[in-house]
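Per-entry structural report
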Amino acid sequence: MTDFSHDGGVFSARLIGAVAGSAISLVYLLPKGRREAVGRLLTGVACGLIFGGPTGVWCATRLGLTQHLSAAETMLAGATLASFTAWWGLGLLVRLTTRAGGKTGM
């Protein structure tokens, strides 16, 4: 379970990473409307906050950087990656379902 303790540095890194991941995602896949933007932003931030720790540890382990990164850096990178992936994945899913829903006879 994700720990939302009072460690300000790690929680701040988690929050900054989650917001940064959503902001970076704007470059790759722009939302079509305000409702889609808000939904994807909230999903990205929530996924970054929840999955930032495990994602950061997984990435640092896979890249062999666990000895070189602090807990806050690992959390920042993990939250950014988790948020970016959620934002991009949700945007792609919206595009695919919209495209499939527009076809007749399906």
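Attention now goes to helix α2 (residues 34–63). Every α-helix carries 3.6 residues per turn, so stepping three or four residues along brings you back to the same face. An ideal rise of 1.5 Å per residue puts 44 Å on 30 residues; α2 reaches only 37 Å between its terminal C-alpha atoms. Taken as a whole, α2 carries its principal kink of about 60 degrees at F51; the proline P54 stands between one and four residues after it.

Here T80 lies in helix α3 (residues 71–101). A polar contact is formed between the side chain of T80 and the backbone oxygen of G17, at a distance of 3.2 Å. For T80, the contacting residues outside a window of four places in its chain are G17, A18, A20, G21 and I24.

Orientation of α2 relative to α3, taken along the N-to-C sense of each, is 135 degrees, at an axis distance of 5 Å. Put simply, α2 runs oblique to α3. The interaxial crossing formed by α2 with α3 has right-handed handedness. When grouped by side-chain class, the residues that make up the contact of α2 with α3 number 16 nonpolar, twelve polar and three charged.

Together, I24, V27, Y28, W88, L92 and L96 make up a nonpolar patch on the protein surface, roughly 610 Å² of accessible area in all. When contributions to the nonpolar patch are tallied by element, the ones reaching two or more residues are α1 (8–28) and α3. With respect to the element layout, V27 can be found in helix α1. By relative accessible area, which is 66% here, V27 ends up exposed.

This part covers the environment of L15. Of note, L15 is situated in helix α1. The class for L15 is partly exposed, based on a relative accessible area of 36%.

To continue, consider the environment of E73. Here E73 lies in helix α3. Residue E73 is classed as partly exposed on the basis of its relative accessible area of 41%. For the pair formed by E73 and A13, sequence separation is 60 residues and the distance between their alpha carbons is 7.3 Å. Separated by 2.9 Å, the side chain of E73 and the backbone nitrogen of S70 make a polar contact.

Rules used throughout
Residues numbered from 1 in each chain as written. Predicted model: local features only at pLDDT ≥ 70, side-chain atom pairs only at ≥ 80, totals over all residues. Heavy atoms only, no water. Helix = DSSP H or I, 4+ residues; strand = E, 2+ residues; numbered from the N terminus. Expected span 1.5 Å × (residues − 1). Bend = angle between axes of the 7 residues up to and from the residue. Polar contact = N/O pair within 3.5 Å; in protein donor to acceptor, adjacent residues only side chain to side chain. Contact = heavy atoms within 4.5 Å. Axes fitted to C-alpha atoms, helices over the stretch in contact; angles between N-to-C directions. Parallel < 35°, antiparallel > 145°, perpendicular 65-115°, else oblique. Left-handed = near helix turned anticlockwise from the far one by under 90°. Nonpolar A, V, L, I, M, F, W, Y, C, P; charged D, E, K, R; others polar. Patch = residues over 30% accessible without salt bridge, like charges linked within 9 Å, V, L, I, M, F, W, Y side chains within 5 Å. Areas by Shrake-Rupley, 256 points an atom, 1.4 Å probe, with all protein chains shown as cover. Salt bridge = Lys/Arg side-chain N within 4 Å of Asp/Glu carboxyl O. Buried < 20%, exposed > 50% of the residue type's maximum accessible area, 1.4 Å probe, protein only.

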